[in-house]
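# Structural characterization, general
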2 protein chains.
Amino acid sequence: MNPSANLSAHRVVVESVQPEVDGGRFPVKRIVGDIVSVEADLFTDGHDQIACRLLYRRAEDSAWQEVVMSSIGNDRWRGEFPVLQTGEYRFTVEGWVDHFLTWRYDLVKRLQARQDVGVELLIGAQLAESAEQRALPEDGPRLRVYANELRKTDDVEHRSAVAVDGEIALTVHRYPDRRYSTRYEKELAITVDREKARFSTWYEVFPRSCADEPGRHGTFRDCETWLPYIDSMGFDVLYLPPIHPIGATYRKGKNNAVAAAPDDVGSPWAIGSEEGGHKSIHPALGTFADFERLVQSAAKLGIEVALDIAIQCTPDHPYVRDHPEWFRHRPDGTIQYAENPPKKYQDIYPIDFETPDWQALWEELKSIFEFWIDRGVKIFRVDNPHTKAFPFWEWVILELKQKDPEVLFLAEAFTRPKVMHRLAKVGFSQSYTYFTWRNTKSEITEYFEEMERSKVREFFRPNLWPNTPDILPEFLQMGGRPAFLIRLTLAATLGSNYGIYGPAFELCESAPRNLGSEEYLDSEKYQIRNRDREDTSSLKQFIVRVNRIRRENPALQSDERLTFHETSNPMLLCYSKATRDHSNVILVAVNLDSAHTHSGWVTLDLEALGIAGNDSFQVHDLITDSRFVWKGSKNYVELAPGSSPSCILRLRRRIHTEKEFDYYL
Amino acid sequence: MNPSANLSAHRVVVESVQPEVDGGRFPVKRIVGDIVSVEADLFTDGHDQIACRLLYRRAEDSAWQEVVMSSIGNDRWRGEFPVLQTGEYRFTVEGWVDHFLTWRYDLVKRLQARQDVGVELLIGAQLAESAEQRALPEDGPRLRVYANELRKTDDVEHRSAVAVDGEIALTVHRYPDRRYSTRYEKELAITVDREKARFSTWYEVFPRSCADEPGRHGTFRDCETWLPYIDSMGFDVLYLPPIHPIGATYRKGKNNAVAAAPDDVGSPWAIGSEEGGHKSIHPALGTFADFERLVQSAAKLGIEVALDIAIQCTPDHPYVRDHPEWFRHRPDGTIQYAENPPKKYQDIYPIDFETPDWQALWEELKSIFEFWIDRGVKIFRVDNPHTKAFPFWEWVILELKQKDPEVLFLAEAFTRPKVMHRLAKVGFSQSYTYFTWRNTKSEITEYFEEMERSKVREFFRPNLWPNTPDILPEFLQMGGRPAFLIRLTLAATLGSNYGIYGPAFELCESAPRNLGSEEYLDSEKYQIRNRDREDTSSLKQFIVRVNRIRRENPALQSDERLTFHETSNPMLLCYSKATRDHSNVILVAVNLDSAHTHSGWVTLDLEALGIAGNDSFQVHDLITDSRFVWKGSKNYVELAPGSSPSCILRLRRRIHTEKEFDYYL
């Protein structure tokens, strides 16, 4: 027993606080401007009334702000507060037995039962006098008057009326006795990111393939000429594979050939040469000035440049010479190259995170991010973060965000689910997902519903990619142009964050290196590609439209309130997204079969759409600009892959009826 | 960064450890002899192999014991350990990157791919030499020989065979390099109770009603004469309402009359008079010697006496005189009596847990339990624990169990679910439940399935009561004898802990004080009752049989593996319980309608019963001793409330077939 505190008097219990990730071990993620809704179980012994407050503050502030929590039944309470700045917030919950509230609640019942309340009124006077001690000077006199009224010996009737007066009660209630309040034992953390963390549209392109003339190595200057094209399609993040000098030792040739030909350009992920490492630019791409110009030109169009950070080195990387202790050494004196036996990647030396020199290593790796942040980059796509020690990520992301809370990190981790979730917990702002391989109705529904159910959304923000330079999925290899339309629609409407690897995507490139492989034939990872981005078969116009729909419809700018609706045909997928107030509701229907027309009935969850029972409503197909009137939950859909395998419908509740005409009245 | 530890090298993540209550804030509960199964997510970055151990100890020990955890897929690991003594245990989980395991795993793949493994064998030698440093003296030489073999320059073939030898690998594996292991940040607690906490059969009786002659105040000696009767029915806990002196001030009369007649005996829960308080015995019941004799006589029959501890005082209680500061005082100088406005309970003064003298109060209340523990009582039924401060319970139960881990506490709390759960979390061994009011198929199924789903069973042990002196449920008021048979069967087979308030129950007393009330008419709470417990209409023989079935069938001695099975008739409820190894499986079918015969088909979940697809199996009705052969999942049931509204079937998988006869062979 702690004799200094009255443990016995702290009678309120606070438990089951939500949101909370792993018992408070990790922060939840929110976006600046969000309203954070907090729930908790609070109760006390016996019948006394309790009062509950939600306490919150920015991590760097010492003072809490408070909001009143309200009971929502079954001993659960809810409160809300806005997060108005990026950075770290803290919150917790506090409750106490409120003797004044209890007194007043009971007094009303006593009066209704016509009991003698003489002594009760004296108790009320004591409570008001106690509140007066805590009150601001402007409220003190009122409380004093109130207490005095309750103490008058005559006219119990009048004093009772005074006692239950609502306005003065509010004043007393403002100054509760919190000596014995219970505060939740944990302070929970929130990472507040800028809007881009929730809503972003990515375009990945290899600058070296941006030259106009076939064969020439593209540069940042060439890439700059692509900006209007990328902008016109509606992308707001331009993601560049690593831009550093490429190693020569064990360089891979075209199509991942073990030996490179003399003119082979190598893989951008084979980082480091005599010309430098992670803080250098591959000379063939241009200068720092060129890079900064690209960043600035993009910014003028509202496009952010995202850099790829791949923490690995070729044998030619300066680190190998300057910091051999950061790599694992073999008994024969060589450095351990990357392997996944029996596969060998002799062009790559992984960093040994078990190095005794880990502090210098961590600082150096952090300085890579800082180096590019100083050159205007605020978004990093991190290559294979799951092959680097988790404690490093937790440290470096926190350090970098403390300096600049605008910085965002996308985890490129196609690995086991718990590993991906851990990366998100330790700080990654967005994450690649298994969407790339989820094609059927049940696969898609289960995957996205499971994310909802398991509450991973509290910390895990999916970024959906229908293709990447590493992955040409079989569905795209086999389905032709309709397959690309289907996957683009799904990515852009299931995920508020999505991206494509272009121009391979919009030009519907579908040839794999060989049958059964997900590698692109003549992959840009190993060679320069020149394509006519204005090819008439391009999906550009479709992408323009879909991305405009995303910009114009807030429902698609968040992953909240995603609902799947039943359909009578297993090839038809139907889902909706809605804003919190249902002022914007988007319903998407997709024919998942790239080869055949499908039709069927969708059974809408009208509540999720914010539509009352049997109302008629207009659905406006934002792709074709056609409009239909639907009614109730059952409605017919038919989608032909040849023309438009999907429809993105905006619901408009307003339907004109005869009642609007004068002669009806 | 902490420079003293290599944070970077601690690459294994440990998370989602189960069982864990409220993030480790409270212990889970187990029974001595249980195997505790622990699961956790463990993984590391990259492709390295990891090893995981489960660490456990008794709370008072400092050294951990360890068991190896095994992977069960999806980065989840499982380990088990037995809890062999009552008291507190601790456990946690540890994992590390196992470089030897990784090396050996990769070596096998390299050899299969016929790669040159010369350098790999040298790495293996280094790992073996490192293990030698950690090895026990008896294993050192073997590891040295192994390392030397791997270092030989000739005959790589032979060295490879040596390298992958399983036996020596096991030896190396016994001495892992755990410098960089990760231990789960929490030590989780387990409260290990004796068997009675899980399996107990309670009989509540008022000793003052135990006299043979009508009108005489019964004594402990009279109660002793009931022991053979209680024992014959198979009860093993004899629970007595408070046995202390009863107050005179504001004493209630028969049927809760506001004013008592001169000869009214008062309520045993109105504790305290000039003759003493919670450490005294009501003189009319006998002496301490009589009480101790009752406890000992009961013990000889395997029956434990449980006492009711009601922390509240009449105005006559010695505490009121000696410790007025433990009560709340009103401005008029009076002590606050119990109220639930507009109801007043002037005969009861509640304790004020907000008293500044709380430490003396807590110590005194603890000493009440200690007083009766010293007189042989090890089970306490606590009256209305939810009206006393939770921090007190958490403290007092821990204190008492640290002194004597055999002590058990039953929480009498018919209140809100979260309050009941909190009481279980802070230490109560068993809890009253809403079973008393759950009558229909959906009510019962949902209530028990929810307990399973929400994992409250980790800390909450239900004790099912079809009636109590406070509650004569409407179902019993209206359903006659079949209703009592139904509720007894349900309580005794749905709950491994159950109890009845007798002899009101077995004599099927069903008259309420008035219509719509759940109070008994002429309740024993306020008067002495004399009944003929050997009345021929008594359910005694049925209770004898049901309790014998409980004793003979381990499946009914635990609440684990309770499964509800579909039935075609909403009045038919069907469920099963099974031991972990399915050596004992009990299937119960109950007709919930006390008025009509019902029949229908049950669709059995054969997997839960441990029965393979289409096998025939015998079901043996342990009530009627009749046997049937059932086959597959669909089987017919018909139950008549007049004869037997339920059947308790033991499954016997062994069915004789023609193949056993000689002439078949």
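The residue count restarts for each chain, going from 1 along the sequence in the order it is written. Think of it this way: whatever chain is written first is A, whatever ligand is written first is 1, and the rest follow in order. Totals for whole chains, interfaces and linings use every residue, but because this is a predicted model, local features are given only for residues with pLDDT of at least 70 and side-chain atom pairs only at 80 or more, for both listing and counting. As a rule here, side-chain values cover all heavy atoms of the structure and leave hydrogens and water aside.

### What about the overall build of chain A?
Note on conventions: DSSP H or I runs of at least 4 residues are helices, E runs of at least 2 residues are strands, and numbering of each starts at the N terminus. A count of helices and strands for chain A gives 15 helices and 29 strands. Taking the principal axes of its C-alpha atoms as reference, chain A extends roughly 105 × 80 × 45 Å. Looking at the 665 residues of chain A, the share that counts as buried comes to 60%. Across chain A, contacts joining residues at least 24 apart in sequence account for 74% of those joining residues at least 6 apart. Only the protein chains shown count as covering a residue, and every accessible area follows the Shrake-Rupley method with a 1.4 Å probe. Summed over its atoms, the accessible surface of chain A is roughly 26,600 Å², and 51% of this surface lies on carbon and sulfur atoms. This count recognises Lys and Arg as positive and Asp and Glu as negative, with His and chain-terminal groups excluded. To locate a charge, take atom NZ for lysine, CZ for arginine, CG for aspartate or CD for glutamate. Across chain A, 82 positive and 100 negative side-chain charges occur, with their mean positions spaced 1 Å apart. Think of it in three bands: with a 1.4 Å probe and only protein chains considered, a residue is buried below 20% of the maximum accessible area for its type, exposed above 50%, and partly exposed in between. The contact criterion used is simple: two residues touch if any of their non-hydrogen atoms lie within 4.5 Å.

### Concerning the side chain of Thr-44 of chain B
All names here are of chain B. Inspection of the secondary structure assignment puts Thr-44 in strand β3 (residues 35-44). Among the residues examined, Thr-44 registers a relative accessible area of 3% and is labelled buried. Polar contacts, as counted here, are pairs of nitrogen or oxygen atoms within 3.5 Å of one another; within protein the pair requires one atom able to donate a hydrogen and one able to accept it, and residues that are adjacent in sequence qualify only if both atoms are side-chain atoms. A polar side-chain atom of Thr-44 sits 3.0 Å from the main-chain carbonyl oxygen of Arg-11. Separated by 3.3 Å, the side chains of Thr-44 and Asp-45 make a polar contact.

### Brief notes about the relation of the copies chain A and chain B
The copies are overlaid by a least-squares fit using only the C-alpha atoms of residues whose pLDDT is at least 70 in both copies. By a simple turn and slide, chain A fits onto chain B: the slide is 0.0 Å along the axis, the RMSD is 0.0 Å, and the turn is 180°. Taken together, these values place the two copies in the relation of a two-fold axis. If distances are taken from each C-alpha of chain A to the rotation axis, the shortest is found for Gly-23 of chain A, at 2.6 Å. With an isologous cut-off of 70% or more, the 100% of interface residues of chain A that recur at the interface of chain B puts this contact in the isologous class.

### Some thoughts on the packing of aromatic side chains
The way to describe two aromatic rings as a pair is by their centre distance and the angle between their planes. Residues and elements named next belong to chain A. Stacked, tilted and edge-to-face are the three classes assigned to paired rings of Phe, Tyr and Trp, where Trp is represented by its six-membered ring and a pair needs centres within 6.5 Å; plane angles under 30 degrees give stacked, over 60 edge-to-face, the rest tilted. One pass over the full model with this rule turns up 82 aromatic pairs over all chains. Taken together, a centroid distance of 5.2 Å and an interplanar angle of 65° make the contact between Trp-393 and Phe-428 edge-to-face. Of this pair, Trp-393 sits in helix α10 (residues 390-403) while Phe-428 sits in the loop between α11 (417-425) and β20 (430-431); the two residues are 35 residues apart in sequence, bridging distant segments of the chain. The rings of Phe-353, Trp-358, Trp-362, Phe-369, Phe-380, Phe-392, Trp-393, Trp-395, Phe-409 and Phe-428 are connected pair by pair, giving a single aromatic cluster. Lysine and arginine charges are scored as sitting over a ring when NZ or CZ, respectively, is within 6 Å of the ring centre and within 35 degrees of the ring normal. Cation over ring: Arg-533 sits above Trp-226, and NZ or CZ is 4.7 Å from the ring centre.

### Points about the sheet that holds strand β3 (residues 35-44) of chain A
Residues and elements named next belong to chain A. One bridge is not enough; two strands pair if DSSP finds at least two bridges between them. Taking strand neighbours across the sheet as the criterion, the four strands line up as β1-β3-β7-β6 in an open arrangement whose pairing is antiparallel. What marks the edges here is a single partner per strand, and that holds for β1 (12-18) and β6 (70-73). Mean inter-strand twist for the sheet, computed between neighbouring axes without regard to direction, equals 35°. With axes taken as lines fitted to C-alpha atoms, and helix axes fitted only over the stretch in contact, angles between N-to-C directions fall between 0 and 180 degrees.

### A closer look at the environment of Thr-489 of chain B
Residues and elements named next belong to chain B. Position of Thr-489 relative to the elements: it lies in helix α13 (residues 474-494). The sequence separation of Thr-489 and Ala-589 amounts to 100 residues, and the corresponding C-alpha distance is 9.5 Å. Setting aside residues no more than four positions away along its own chain, Thr-489 makes contact with Leu-494, Phe-542, Tyr-575, Val-588, Val-590, Ser-646 and Ile-648.

### Overview of the interface of chain A and chain B
On the side of chain B, 67 residues touch chain A, which itself brings 67 residues to the contact. Viewed at the interface, chain B and chain A are joined by 35 residue pairs in polar contact (both at pLDDT 80 or more). Listed by contribution, the elements that provide at least two residues to the side of chain A that touches chain B are β1, β3, α1 (99-112), α2 (118-134), β15 (338-340), α9 (358-373), α10 and α11 of chain A. Each residue is assigned to one of three groups, with Ala, Val, Leu, Ile, Met, Phe, Trp, Tyr, Cys and Pro labelled nonpolar, Asp, Glu, Lys and Arg labelled charged, and all others, Gly among them, labelled polar. Split into classes, the residues belonging to the side of chain A that touches chain B amount to 26 nonpolar, 16 polar and 25 charged.

### Points about the pattern of salt bridges
Whenever a carboxyl oxygen of Asp or Glu lies within 4 Å of a side-chain nitrogen of Lys or Arg, that contact is scored as a salt bridge. Under the counting rule described, the total for this entry stands at 134 salt bridges over all chains. The salt bridge involving Arg-453 of chain A is made with Glu-450 of chain A; its shortest N-O contact spans 3.0 Å. Pair noted here: Arg-453 of chain A and Glu-450 of chain A are both in helix α12 (residues 441-453), with a separation of three residues, about one helical turn. Among the residues examined, Arg-453 of chain A registers a relative accessible area of 57% and is labelled exposed. Here Glu-560 of chain B makes a salt bridge to Arg-561 of chain B, at a shortest N to O gap of 3.9 Å. The exposure class of Glu-560 of chain B is partly exposed, given its relative accessible area of 39%. Through salt bridges with shared partners, a single network forms among Glu-39, Asp-41, Arg-76 and Arg-78 of chain A together with Lys-418 of chain B.

### Describing helix α6 (residues 220-232) of chain B
Residue and element names in this part refer to chain B. A helix's residues, less one, multiplied by 1.5 Å, set its expected span. The end-to-end C-alpha separation of α6 is 19 Å, in line with the 18 Å expected for 13 residues at 1.5 Å each. Bend is the name given here to the angle between axes fitted to two runs of seven residues, the run ending at a residue and the run starting at it. The largest bend in α6 amounts to roughly 35° and is located at Trp-226, with the proline Pro-228 lying one to four residues further along. Listed as buried for α6 are Phe-220, Asp-222, Cys-223, Glu-224, Trp-226, Leu-227, Tyr-229 and Ile-230. On its buried face, α6 sits against β11 (200-204), β12 (237-240), α7 (288-300) and α14 (540-552). A side-chain oxygen of the first residue of α6 lies 3.2 Å from the backbone nitrogen of Arg-221; this N-cap is Thr-219.

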